[in-house]
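Here is how the chains run, residue by residue.
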Amino acid sequence: MYRVSVCQFEPKLLDLDYNLKRMSEMIATVDTDLIVFPELATSGYVFRTKEEVRSISESIPDGKVFKAMQELSRVHDCSLVYGFSELDGSKLYNSSALVNPDGSYQIYRKTHLFYREKLFFEPGDTGFAIANAKGGIPIGMMICFDWQFPEAMRSLALQGAMIVCHPSNLVLPWCQEAMKTRSLENRCYSITSNRIGTEINGDQKETFTGASQILGIKGEILIRLATDSEDIATLVIDPRLAQDKTVTPHNDAFTDRRPDMYILG
Ligand code: ACM
């Protein structure tokens, strides 16, 4: 059995210290094995210039927030997944990190950039790889708008991800419901951590939809948080259920696939 947590909060724009403090406070309230935080949790989302983005970006593994998250993971003995802005040379990526208590980590760079993100970030080049979280549980990461593309979660599930961690900053109304299908068709747990609040930066403004959730392998809602308040919720799951892709005694969601019949590009 495995304890998983979803955290939703309201990051402060361009305030790394505040956001790290808030995540650290929320981690301290739970006893868990894996916590998922929102997309760009360290920095907020509504940027106006590349200079702003650069000012809150950090490189891995030397970044100050990354090191602090590694320390929190070690102290609380749980894996953490969180979104941040990554600097690699002169390039900026909308990334997420998995950090583990034993010091291991993995970075995912968002593949499908949404709306004005295209003004600031490079399209991710990591692809969809799986990694082990605490206890050797294989997880995958995708970020927010990646939900729109079924190939993203499919790629993770086909490689054996039991839990798909999905840091988000959702502004459109469809994702939480659509993720039921993503979980069901892949027979995988999903943890969508969304932020809350309205962020204003000059003439730019976005309102985020909360309703962070943990879904089971049949797309059922195991936990869904409120749309407008900070919260962290934990539940116990059996990740190994995701290894069973049986739909009926005659059907298997994976071995019944007919890749030779599909046109994907
Ligand atoms: C999104 O991808 N942040 C909507």
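That block above? That's the structure.
### A short note on the overall build of the protein
For step 1, the next point in the chain: On a plain count of helices and strands, the protein comes out with 6 helices and 16 strands.
For step 2, the next point in the chain: Here the C-alpha atoms of the protein give a radius of gyration of 17 Å, agreeing with the 18 Å that 2.2 N^0.38 yields for 265 residues.
For step 3, the next point in the chain: Projecting the C-alpha coordinates of the protein onto the three principal axes gives extents of approximately 55 × 40 × 35 Å.
For step 4, the next point in the chain: Contacts spanning at least 24 positions in sequence make up 69% of the contacts within the protein whose residues lie at least 6 apart.
For step 5, the next point in the chain: Accessible surface computed for the protein: about 11200 Å², of which carbon and sulfur atoms make up 52%.
For step 6, the next point in the chain: Once the 28 positive and 35 negative side-chain charges of the protein are each reduced to a mean point, those two points are 2 Å apart.

### Details of a nonpolar patch on the surface
For step 1, the next point in the chain: A cluster of nonpolar side chains, namely Met261, Tyr262 and Leu264, defines an oily patch on the protein surface of about 360 Å² accessible area.
For step 2, the next point in the chain: Summarising the element assignment, Tyr262 is placed in the segment after strand S16 (251–252).
For step 3, the next point in the chain: Classification of Tyr262 by relative accessible area gives partly exposed; the value is 38%.

### A few points about the environment of Ser59
For step 1, the next point in the chain: Inspection of the secondary structure assignment puts Ser59 in the loop between helix H2 (50–55) and helix H3 (64–76).
For step 2, the next point in the chain: Considered as a pair, Ser59 and Phe145 are 86 residues apart in the sequence and their alpha carbons are 23 Å apart.

### Comments concerning H3
For step 1, the next point in the chain: For H3, with 13 residues, the first-to-last C-alpha span of 18 Å sits near the 18 Å given by 1.5 Å per residue.
For step 2, the next point in the chain: What H3 keeps buried is the set Val65, Phe66, Met69, Leu72 and Ser73. One side of H3 holds all its buried residues, which, seen down the axis, span an arc of 120 degrees. Opposite the buried face of H3, at more than 90 degrees from it, the exposed residues are Lys64 and Val75.
For step 3, the next point in the chain: Against helix H1 (16–27), strand S3 (79–88), strand S4 (91–99) and strand S5 (105–109) lie the buried residues of H3.
For step 4, the next point in the chain: Positive backbone phi, at 50 degrees, marks Asp77, one or two positions downstream of H3.

### A few points about the sheet that holds strand S14 (residues 231–237)
For step 1, the next point in the chain: Across the sheet, which stays open at both edges, the 6 strands sit in the order S5-S4-S3-S2-S1-S14 with mixed pairing between neighbours. The sheet is open, and its two edges are formed by S5 and S14, each paired on a single side. For this sheet the average axis-to-axis angle between neighbouring strands, irrespective of direction, equals 30 degrees.
For step 2, the next point in the chain: Pairing geometry for strand S2 (residues 34–36) and S3, over 3 bridges, is parallel. Bridge pairing in S3 places Leu34 opposite Ser79.
For step 3, the next point in the chain: Along the sheet face, H3 touches S3, S4 and S5 and points at about 170 degrees away from the line of S3.

### Observations concerning the nonpolar core
The nonpolar side chains of soluble globular proteins are, as a tendency, buried together.
For step 1, the next point in the chain: By size, the foremost hydrophobic cluster in this structure holds 82 residues, and its most contacted members are Phe37, Met69, Tyr82, Ile139 and Ile163.
For step 2, the next point in the chain: If you tally residues by element for this core, the top one is H1, at 5 residues.
For step 3, the next point in the chain: Discounting residues that sit within four places of it in the chain, Met69 has contacts with Leu20, Met23, Phe37, Leu80, Tyr82 and Val99.

### Quick look at the pattern of salt bridges
Oppositely charged side chains can form a pair if their charged atoms are brought close together.
For step 1, the next point in the chain: The final tally for this structure, using the stated rule, is 18 salt bridges.
For step 2, the next point in the chain: A salt bridge links Lys64 to Asp17; the nearest nitrogen and oxygen atoms lie 2.9 Å apart. Of this pair, Lys64 sits in helix H3 while Asp17 sits in helix H1, placing them 47 residues apart in sequence.
For step 3, the next point in the chain: Relative accessible area serves as the criterion here: at 51%, Lys64 is assigned to the exposed category.
For step 4, the next point in the chain: Given the relative accessible area of 49%, Asp17 is considered partly exposed.
For step 5, the next point in the chain: A salt bridge links Glu199 to Arg195; the shortest N-O distance between them is 2.6 Å. For the pair formed by Glu199 and Arg195, the shared burial category is buried.
For step 6, the next point in the chain: One network of salt bridges, in which partners are shared, links Arg3, Asp31, Asp33, Asp77 and Lys134.

### Some words on the pairing of S5
Two faces, one strand: in a regular strand the side chains alternate between the faces of the sheet.
For step 1, the next point in the chain: Note that S4 and S5 share 5 bridges and pair antiparallel. By the bridge assignment for S5, Leu98 is matched with Gln106.
For step 2, the next point in the chain: The loop that links S4 with its antiparallel partner S5 comprises 5 residues; one of these, Gly103, has a positive phi angle of about 95 degrees.

### A look at the packing of helix H5 (residues 150–158) against helix H6 (residues 175–186)
For step 1, the next point in the chain: Taken N-terminus to C-terminus, the directions of H5 and H6 make an angle of 35 degrees; their axes are 10 Å apart at the nearest point. As H5 runs across H6, the sense of the crossing is right-handed. Every residue of H6 that contacts H5 at Pro150, Met153, Arg154 and Ala157 is listed here: Met179, Arg182, Ser183, Glu185 and Asn186.
For step 2, the next point in the chain: Taken together, the residues of the contact of H5 with H6 break down into 4 nonpolar, 2 polar and 3 charged.

Basis of the calculations
Residues numbered from 1 in each chain as written. Predicted model: local features only at pLDDT ≥ 70, side-chain atom pairs only at ≥ 80, totals over all residues. Heavy atoms only, no water. Helix = DSSP H or I, 4+ residues; strand = E, 2+ residues; numbered from the N terminus. Rg over C-alpha atoms; globule rule 2.2 N^0.38 Å. Contact = heavy atoms within 4.5 Å. Areas by Shrake-Rupley, 256 points an atom, 1.4 Å probe, with all protein chains shown as cover. Lys, Arg positive; Asp, Glu negative; His and termini not counted. Charge placed at Lys NZ, Arg CZ, Asp CG, Glu CD. Patch = residues over 30% accessible without salt bridge, like charges linked within 9 Å, V, L, I, M, F, W, Y side chains within 5 Å. Salt bridge = Lys/Arg side-chain N within 4 Å of Asp/Glu carboxyl O. Buried < 20%, exposed > 50% of the residue type's maximum accessible area, 1.4 Å probe, protein only. Expected span 1.5 Å × (residues − 1). Arc of directions from axis to C-beta. Pairing = 2+ DSSP bridges. Axes fitted to C-alpha atoms, helices over the stretch in contact; angles between N-to-C directions. Core = buried A, V, L, I, M, F, W, Y, C linked by side-chain atoms within 4.5 Å. Left-handed = near helix turned anticlockwise from the far one by under 90°. Nonpolar A, V, L, I, M, F, W, Y, C, P; charged D, E, K, R; others polar.

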